[in-house]
Structures are given as C-alpha cells and as structure tokens.
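Fold and geometry: a report
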Amino acid sequence: MREFNVTTTVKEYNYQELSNADAILVEEARKATFRSYVPYSHFHVGAAIALDNGQIVCGSNQENAAFSSGTCAERSACFYAGAKYPDAAFIKIAVAARDGNGEFLDTPVSPCGHCRQALMEYEGRAGHDVPLLLVGRDKVYEVPSVKSLLPLTFTEF
C-alpha cells in the first residue's frame, strides 16, 4: 500500500488586490447572478470566463420544475463559450453567488462536481491550467486550476 496527499493552494484576495483584468472578470460574474432563474432554490449563481480571443462569456444558473433539466452557471457559460467561440481557449473563470435574500455570500462558492468535470474538459482543450476566482462578499479565492478542484479527475474514455 502507498499513501499520498492531495493538496490545493488557495490564495485569498480582497477586491483592492485584484488586477484590473481579474476585477472585471469578477464583476461580470457578480452581474451574471442577476440573470439567473431560480424560482426553486433561490440560489443565484453567475460565472464569467475570459477567453484568449479577448472575449468574456457569462452564464447564470437556470432552474426548471423538472430539476435535472436546469443547468448551473458554470456549465451555461462554458457550453456557450464552446458553441460561440470553438477555437478560443479559456484563460480564467470567475464564479459568484447570492443567497435567497439577494446578498452575495460571505464565503466564496465553488463549482459543483458536474461543473468541475465539464470545466476540466475545457481546461484540457486549452492545454494549460485555467485558474478560478471564487467570489465572496468581501474576498476572492483564487485556485490555480480546475484540476486543483478535481485532482483525481476522470480523464480516460
């Protein structure tokens, strides 16, 4: 038997410490939360993806009474990016969330397992690590790559 550890380094920033490009991406993710359709969970999520062609693509979660028919903000954004800009690589992703009272969460939110796997596909297509900015009310966590959130990823088909 062999034992090993899997670790992830997370950097924590306040908004004033973000680069201009990161601040714009974070703001786009925050704005996308206001375009969510969440009559059941009342949990508003927005995602913004910076592409290597200079575009920023956004998505928000969209619910449906047939619960599995809805989609998360991260998958909404990445599938739209793939459909609209199939040759553009992902550079960075930002994710923000608001609660049922309309307040941004104190603690930054992280993508669900479905979204992590979907985003892994696009990180693989990019051929490089794609950092994520996880947005909270007063702070932003930066993780170095999608793989760092899904270290034992499903990669062989």
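In this numbering scheme, every chain counts its residues from 1 along its sequence in written order. In keeping with the predicted nature of the model, local features appear solely for residues at pLDDT of at least 70, side-chain atom pairs appear and are counted solely at 80 or more, and the whole-chain, interface and lining totals rest on all residues. The side-chain quantities take in all heavy atoms of the structure and omit both hydrogens and water.

1. Here we look at the sheet that holds strand β1 (residues 11-14)
Only strands joined by at least two bridges in the DSSP assignment are considered to pair. The helix count covers DSSP runs of H or I at least four residues long, the strand count covers runs of E at least two residues long, and both are numbered beginning at the N terminus. Taken in spatial order, the 6 strands line up as β1-β6-β5-β4-β2-β3 in an open sheet, and their pairing is mixed. Here the strands that pair on one side only, and so sit at the sheet edges, are β1 and β3 (56-60). Put simply, the sheet's adjacent strands are angled 20 degrees from each other on average, direction ignored. Relative to strand β6 (residues 139-143), strand β5 (residues 132-135) runs antiparallel, the two being bridged by 4 bridges. Bridging across to β6, L132 finds its partner in V143. For helices, the fitted axis covers only the stretch in contact; all axes are lines through C-alpha atoms, and the angles between them, taken along N-to-C directions, range from 0 to 180 degrees.

2. A short note on the pattern of salt bridges
Salt bridges are defined as contacts in which a side-chain nitrogen from Lys or Arg sits within 4 Å of a carboxyl oxygen from Asp or Glu. Across all of its chains, the model carries 4 salt bridges by this definition. Close ionic contact of E28 with K31 constitutes a salt bridge, the shortest N to O distance being 3.0 Å. You can see E28 and its partner K31 sitting in helix α1 (residues 20-32), 3 residues apart, about one turn around the helix. Put simply, D22, K92 and E142 are held in one network by salt bridges that share partners.

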